[in-house]
Amino acid sequence: MLGKFLIYIAFAVSVLSIISFLLVHFKQEKYLKFGRIFYYAGAFSVIGASAFMLYNILSHQFQYTYVWEQSNRELGLPLLISTFYAGQEGSFMLWTFMTAVIGIFLMRYLGKGDRLEPQVMSVYSLVLAFLAFILILKSPFNYVWDSFPGEVEYGFIPPDGRGLNPLLQNFWMSIHPPTLFVGFSSMAVPFCFAIGTLMKNRYKDWIGFAMPWLLFSGGILGLGIMMGGYWAYGVLGWGGYWAWDPVENSSFIPWLIIVAAIHTMVAQKRTGGYIKTNLILCIIAYLLVLYSTFLTRSGVLGDSSVHSFVDPGQEVYLSLIVFISLFILIAIFAFVFRIKTLKKYAPENKKLLTRENALFVGSLTLCAAAVIILAGTSWPIIAKGSIDAEFYNRMNLPVAILIAFINGISLLLKWKTSSDEKFIQGLFFPLILAVIVTIGLVLVGVQDFLFALFALAALFAFFVNIEIAVRLFKKQRDNIGAYIAHVGLALVFLGIIASAKYSKEENLTLELNKPVNAFGYTMTYVGASPFEDANNKTDTKYHFNILLEKDGKEMVLQPVMYYSAFSQGVMKNPDIANFATKDLYISPMGLVEPETFAQEDLHEFKKGEVKQVGDLSVEFVDFDFGNMQKGGEEIQSGNFEMGAILKVKDSKFTENILTKIKYTDGNPEYYEAKMTGNDNYSFYFTKMAIKGEEEGGPAGTFAIVDNRVKKEHDEHQVTEEALVITASIKPFINILWAGTIILVAGFFISIIRRRKEIL
């Protein structure tokens, strides 16, 4: 009850905080301290509830449904902690926790002067209140006897939990979701600044207050998205880092908008323009976070996304719609209320070639990409099915080319006015370098026109930014962050061109100990070896070892496959050989066992029945249970061995043959039996059926294989255990990973530059 009690408290005091801050906005200054106290009370109630939930998880309090559903006693500490946000309720709890903590820092930041505290905190408290309300509807503190009435007795405590989904049992589970949720939560801050500015009707100084938070949101959300991409590539075996899955897109879309807002806010700070644009972008960015939450947690993408949550229940579904609708109405009302004032801020600069205009066009291009992705992601709501990845690739390629060119051009222009002559002079050096390198890329194989143009644009942006970064490094290092981020983006574009467009893929069947050549490597499957996963002792996992040889050098790749009791299916993890200029990516597809006998070789015999099989006369005599009792404990355990006697007559002799079958954990193993001096036939006992006399009595099923026919058949079939894989070459993918790291580093260098403003 403690957890629920704290959530109720958090909701109630958050509402009081909203009221108090609104009263301050309406000149009732004495309520400011109450607004702060109520916010602190709400935030610390959420923190307390989160700590209590973590305690429940770490101490295995399986009487709580959420703890029972998401964790078990096998999980190591990092993954056990990650079960906090593995399920629907926990992810809302994490989001609320992050929002509460960020709000504490935000309120402290706002209190350092006239920084729109009452206006911003009234909206921010509303965000916290709504999240707390969702936790009331979707509580992680329900008991199992409340969740399963009639099935579980009051007070029952399950001895163990169901455990964590095997797909989530990975290192990245410990850091990827929390990073994303920090990004989602922090996106509320620019939204609140925008609404607070409209409430205050003061549009100039908010840029300085909000900019550090935009950079933080953009940097941390971008980092979370990139972590997800690497997780998908390196562990989940999707064969790539981005699949345009709706859940991936739903975090990418608000990121594009917030990056667009960062650029137009820089333009406002330098020129005073784009006030309405910045307000709209900051508002839309958070509305898209809420919309993405609706897409991924309402169940509407259950059939079109590999990792969205299932239907959360009607109450949460409706509350999410109310949440989004209310914030849209607040934004519309605020704009309509201030429309007369906003009309006064019309653009003054009529010159086309200026940096602010280029940044605005660049932001529009980012928004165009967001609209394209949003349309494709939302398609399952309109019609059944999902949009193919090719749609996103085809539509976004021209947009990406424009973004890269505009990035380079904008940095060669000046604020408010630019000299055409100086602009052309600045254009010359990076453009010539980009053309030379692009010609080289075309000569080595980049011959698709659009991709060659994309490479030219990315190289142009790269050389423009690297030139400025080098210059600033000598004189103004504090200002280098943006250019570092742009260099990272250009490298990301180049990495995408190389690894996505020019990746090669081949499906291979690797028979045991038989070398196969592909991509210049000799690959030999040398067998499977079991290994123990400390976080999952229930399932037996196997490394499928592939010896990789080239130029006298050897290495072993070990993709993983195993049967998951949790998922009731086969789980697969890839393995990657990382080289300086490429990755060799091995994704396991399945294991093929050689067929001992075919379906047409099976014959069912009733006891005493005689059949003619080929040139043999075969009679099923009886079962041989040895010392076992029919239907006894040994047979019921699924671990036993028994036989069946066949009386076989060929053209010369008659012989009784004992065929055998062995069961281990219910899995059969067939033993071959033959007549003395006759290798033409093999006999296998495959199945026993105990039937009553009215059903024809006991029966056995036997495989009688004509080895002369089987030999001809085997010449065209796999005769040894074989591993089926998809092998692919990802050229220059390290450029992509290096670009992502540099891009995020650029964001954080910019944040560090503004650390005095944010603390």
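Residues numbered from 1 in each chain as written. Predicted model: local features only at pLDDT ≥ 70, side-chain atom pairs only at ≥ 80, totals over all residues. Heavy atoms only, no water.

**A few points about the overall build of the protein chain**
Stage number 1. Each helix and strand counted, the protein chain has 23 helices and 19 strands in total.
Stage number 2. Judged by the C-alpha coordinates and their principal axes, the protein chain covers about 110 × 70 × 45 Å.
Stage number 3. For the protein chain, the residues scored as buried account for 51% of the 759 residues in total.
Stage number 4. Across the protein chain, the fraction of contacts at a sequence separation of at least 24, relative to all contacts at a separation of at least 6, is 70%.
Stage number 5. With an accessible surface of roughly 35,700 Å², the protein chain has 60% of that area assigned to carbon and sulfur atoms.
Stage number 6. Distance from the positive charge centre (63 side chains) to the negative charge centre (65 side chains) of the protein chain: 21 Å. (Helix = DSSP H or I, 4+ residues; strand = E, 2+ residues; numbered from the N terminus. Buried < 20%, exposed > 50% of the residue type's maximum accessible area, 1.4 Å probe, protein only. Contact = heavy atoms within 4.5 Å. Areas by Shrake-Rupley, 256 points an atom, 1.4 Å probe, with all protein chains shown as cover. Lys, Arg positive; Asp, Glu negative; His and termini not counted. Charge placed at Lys NZ, Arg CZ, Asp CG, Glu CD.)

**So, the packing of helix 5 (residues 88-110) against helix 8 (residues 171-186)**
Stage number 1. Their axes nearest at 9 Å, the elements helix 5 and helix 8 cross at an angle of 55 degrees. On the basis of their axis angle, the class for helix 5 and helix 8 is oblique. Note on packing geometry: the crossing formed by helix 5 with helix 8 is right-handed. Seen from helix 5, the contacting residues are Ser91, Leu94, Trp95, Met98, Thr99 and Ile102; seen from helix 8, they are Pro177, Pro178, Phe181, Val182, Phe184, Ser185 and Ser186.
Stage number 2. A class-by-class count of the residues in the contact of helix 5 with helix 8 yields 9 nonpolar, 4 polar and no charged. (Axes fitted to C-alpha atoms, helices over the stretch in contact; angles between N-to-C directions. Parallel < 35°, antiparallel > 145°, perpendicular 65-115°, else oblique. Left-handed = near helix turned anticlockwise from the far one by under 90°. Nonpolar A, V, L, I, M, F, W, Y, C, P; charged D, E, K, R; others polar.)

**Re the state of the cysteines**
Stage number 1. Applying the stated criterion to the full structure yields 0 disulfides.
Stage number 2. Not part of a disulfide, Cys192 finds its nearest cysteine sulfur in Cys282, a span of 11 Å. (Disulfide = S-S within 2.5 Å.)

**As for unusual backbone geometry**
Stage number 1. A positive phi angle, close to 55 degrees, is found at Trp244, a residue other than glycine.
Stage number 2. Among the structural elements, Trp244 can be located in the loop between helix 10 (206-236) and helix 11 (246-271).

**Comments concerning the nonpolar core**
Stage number 1. If you look at the biggest cluster of nonpolar residues, it comprises 170 residues, and the most contacted ones within it are Leu106, Phe193, Trp206, Tyr286 and Phe327.
Stage number 2. Every residue in contact with Phe193, bar those within four places of it in the chain, is listed here: Leu106, Tyr109, Leu110, Arg115, Leu116, Val120, Trp206, Phe209, Ala210 and Trp213.
Stage number 3. In terms of nonpolar packing, the next biggest core, distinct from the first, is built from 23 residues, Phe620, Phe623, Ile635 and Val648 among them. (Core = buried A, V, L, I, M, F, W, Y, C linked by side-chain atoms within 4.5 Å.)

**Side note on the environment of Ala580**
Stage number 1. Among the structural elements, Ala580 can be located in the loop between strand 8 (575-578) and strand 9 (582-592).
Stage number 2. With a relative accessible area of 68%, Ala580 lands in the exposed category.
Stage number 3. Each C-alpha atom, one on Ala580 and one on Tyr40, is 51 Å from the other, the two residues being 540 residues apart in sequence.

**Comments concerning the sheet that holds strand 1 (residues 504-511)**
Two orientations exist for strands paired in a sheet by backbone hydrogen bonds: parallel and antiparallel.
Stage number 1. Taken in spatial order, the 4 strands line up as 1-19-9-8 in an open sheet, and their pairing is antiparallel. Single-partner strands in this sheet number two, and they are strand 1 and strand 8. Averaged over all adjacent pairs, the angle separating strand axes in this sheet is 25 degrees, with direction ignored. (Pairing = 2+ DSSP bridges.)

**A few points about a positive patch on the surface**
Stage number 1. Taken together, the side chains of Lys414, Lys422, Arg471, Lys474 and Lys475 define a basic patch exposed on the protein surface.
Stage number 2. Among the elements that line the positive patch, the one with the most residues is helix 18 (residues 449-475), at 3 residues.
Stage number 3. The topology assignment puts Lys474 in helix 18. (Patch = residues over 30% accessible without salt bridge, like charges linked within 9 Å, V, L, I, M, F, W, Y side chains within 5 Å. Salt bridge = Lys/Arg side-chain N within 4 Å of Asp/Glu carboxyl O.)

**Thoughts on the packing of aromatic side chains**
Two aromatic rings are characterised by how far apart their centres lie and by the angle between their planes.
Stage number 1. Per the counting criterion, the structure on display carries 50 aromatic pairs.
Stage number 2. Centroid distance Phe11 to Phe133: 5.7 Å. Interplanar angle 40 degrees. Geometry classified as tilted. Residue Phe11 is located in helix 1 (residues 2-25), and its partner Phe133 is located in helix 6 (residues 117-137); the two are separated by 122 residues in the primary sequence.
Stage number 3. Pairwise contacts between aromatic rings join Phe52, Tyr55, Tyr64, Phe141, Tyr143, Trp145 and Tyr154 into one cluster. (Phe/Tyr/Trp six-rings, centres within 6.5 Å; stacked < 30°, edge-to-face > 60°.)

**Side note on a nonpolar patch on the surface**
Stage number 1. Where nonpolar side chains cluster on the molecular surface, the patch consists of Phe428, Phe429, Ile432, Ile436 and Val437 and spans about 490 Å² of accessible area.
Stage number 2. Relative to the helices and strands, Phe429 resides in helix 17 (residues 420-444).

**Brief notes about the environment of Phe327**
Stage number 1. As for its position among the elements, Phe327 is in helix 13 (residues 314-337).
Stage number 2. Since its relative accessible area comes to 0%, Phe327 is described here as buried.
Stage number 3. Apart from residues no more than four positions distant in its own chain, Phe327 is found in contact with Leu126, Val127, Phe130, Phe191, Tyr286, Leu287 and Leu290.

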